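Residues per chain are reported as follows:
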Amino acid sequence: MIAMERVEALLVVVGLLALSVLGYAMTYNSQPRAQPIPPGFGNFNAKLIHLNATSVHLSVGQSLTVKGELVGGHYRINGEEYPYYGRVSLIVYEGPARDSPQWITLEPHLTAPEGVAVSVLPEEFYLQPNGRENISVSITPRRSGTFHLYVVAVSDQGWRAWVELNVTAG
C-alpha cells in the first residue's frame, strides 16, 4: 500500500515537471529572437557618421558648422543581417591624430576639447533601424594650432561610431 502511494506521488511529480518543461518551451519559442552581439561589438567603429568635411582651416575666433548625418547601417553574423539602432548620445572629444579602428586604443587618449569651442546637435536621439539623423558640429578656435576632434556616437545597444574632424586654426 505504501509502495503504491509512493508510485502515485512520483507520477504526480513527474507529470508536474513535464508540464513545467513544456510550458517553458512554449514560452521560450514564442518570444522574439534576440539580436546577437557581434565579436568586438562596441570596440570597433560602426562607421555610421558621415560629415560633409573632415578637415577645415579657420582663423582664430572664426566659427564654422560642419553638417553631416548618422545613418543606420547593418552588420552580419552567420549570413544574417542585423540593424544598428537605439538611443544615441553624440559627444565631441579631442585627441591625437589616430587611425585606429579600435575604441580600446583610441579612448584612453581622448579628452574634452581645449583651445576650441565645440558643440554638437543633437546631443541625444533615437536611431530607428535603417534610420538617419542629421547632425551638426559647431567649431570656434580660441587659439592657433591643429585640433584633432572626434565626433563619437555611443548607443545604448552597445555599438559606437566615430569620425575624426581635423581643425587647423591660425
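Conventions we followed
- Residues numbered from 1 in each chain as written.
- Predicted model: local features only at pLDDT ≥ 70, side-chain atom pairs only at ≥ 80, totals over all residues.
- Heavy atoms only, no water.
- Phe/Tyr/Trp six-rings, centres within 6.5 Å; stacked < 30°, edge-to-face > 60°.
- Helix = DSSP H or I, 4+ residues; strand = E, 2+ residues; numbered from the N terminus.
- Buried < 20%, exposed > 50% of the residue type's maximum accessible area, 1.4 Å probe, protein only.
- Salt bridge = Lys/Arg side-chain N within 4 Å of Asp/Glu carboxyl O.
- Pairing = 2+ DSSP bridges.
- Axes fitted to C-alpha atoms, helices over the stretch in contact; angles between N-to-C directions.
- Lys, Arg positive; Asp, Glu negative; His and termini not counted.
- Polar contact = N/O pair within 3.5 Å; in protein donor to acceptor, adjacent residues only side chain to side chain.
- Contact = heavy atoms within 4.5 Å.

> Quick question: what am I supposed to make of the packing of aromatic side chains here?
Each aromatic ring pair is summarised here by two numbers: the centre-to-centre distance and the angle between the ring planes. Tallied over the full model, the rule gives four aromatic pairs. Here Trp-103 and Trp-162 contribute two aromatic rings whose centre-to-centre distance is 5.3 Å and whose plane-to-plane angle is 50°, an arrangement assigned as tilted. Taken together, the positions of Trp-103 in helix α2 (residues 103-106) and Trp-162 in strand β11 (residues 160-169) put the pair 59 residues apart, joining distant regions of the chain. An identical accessibility class is assigned to Trp-103 and Trp-162; each is buried. Put simply, the rings of Tyr-75, Tyr-82, Tyr-84 and Trp-159 touch in pairs and so form one group of aromatic residues.

> In this structure, what is going on with unusual backbone geometry? I would like to understand it.
Leaving glycine aside, a negative phi is the common case for residues, and trans is the common case for peptide bonds. Residues Leu-121 and Pro-122 are joined by a peptide bond in cis, for which omega reads -10°. Along the chain, the position of Pro-122 falls in the loop between β7 (116-121) and β8 (124-127). For Lys-47, which is not glycine, the phi dihedral falls at a positive 55°. Relative to the assigned elements, Lys-47 resides in the loop between α1 (2-30) and β1 (49-51). Phi is positive for Asn-130, which is not a glycine, with a value near 65°. Residue placement: Asn-130 occurs in the loop between β8 and β9 (132-141). Under the relative-accessibility criterion, Asn-130 is labelled exposed at 52%.

> Explain the pattern of salt bridges to me, please; I cannot follow it from the model alone.
Oppositely charged side chains may form a pair once their charged atoms are brought near each other. For the structure on display, the rule yields two salt bridges. As a salt-bridge pair, Glu-69 and Arg-132 come within 2.7 Å of each other at their nearest N and O atoms. Of this pair, Glu-69 sits in strand β3 (residues 64-71) while Arg-132 sits in strand β9, placing them 63 residues apart in sequence. Given the relative accessible area of 23%, Glu-69 is considered partly exposed. Here Glu-81 makes a salt bridge to Arg-76, at a shortest N to O gap of 3.3 Å. Owing to a relative accessible area of 44%, Glu-81 belongs among the partly exposed residues under this scheme. A relative accessible area of 58% places Arg-76 in the exposed class.

> Would you explain the sheet that holds β9 in this entry?
Two strands in a sheet stick together by hydrogen bonds in their backbones, pointing the same way (parallel) or opposite ways (antiparallel). Spatially, β1-β3-β9-β7 is the arrangement adopted by the four strands of the open sheet, whose pairing is antiparallel. The open sheet is flanked by β1 and β7, the only strands paired with a single partner. Across the sheet, the mean angle from the axis of one strand to that of its neighbour is 25°, orientation sign disregarded.

> Just checking my understanding: could you explain the side chain of Glu-94 for this structure?
Mapped onto the elements, Glu-94 comes out in strand β6 (residues 86-94). Although Glu-94 lies buried, it forms no salt bridge, and the closest oppositely charged side chain, Arg-143, sits 5.0 Å away as judged by the N-O distance. Of the polar contacts made by the side chain of Glu-94, one reaches the backbone nitrogen of Glu-114; its length is 2.7 Å. In this view, Glu-94 contacts His-109, Leu-110, Thr-111, Ala-112, Pro-113, Glu-114, Phe-147, His-148 and Leu-149; residues no more than four positions away in its chain are not counted.

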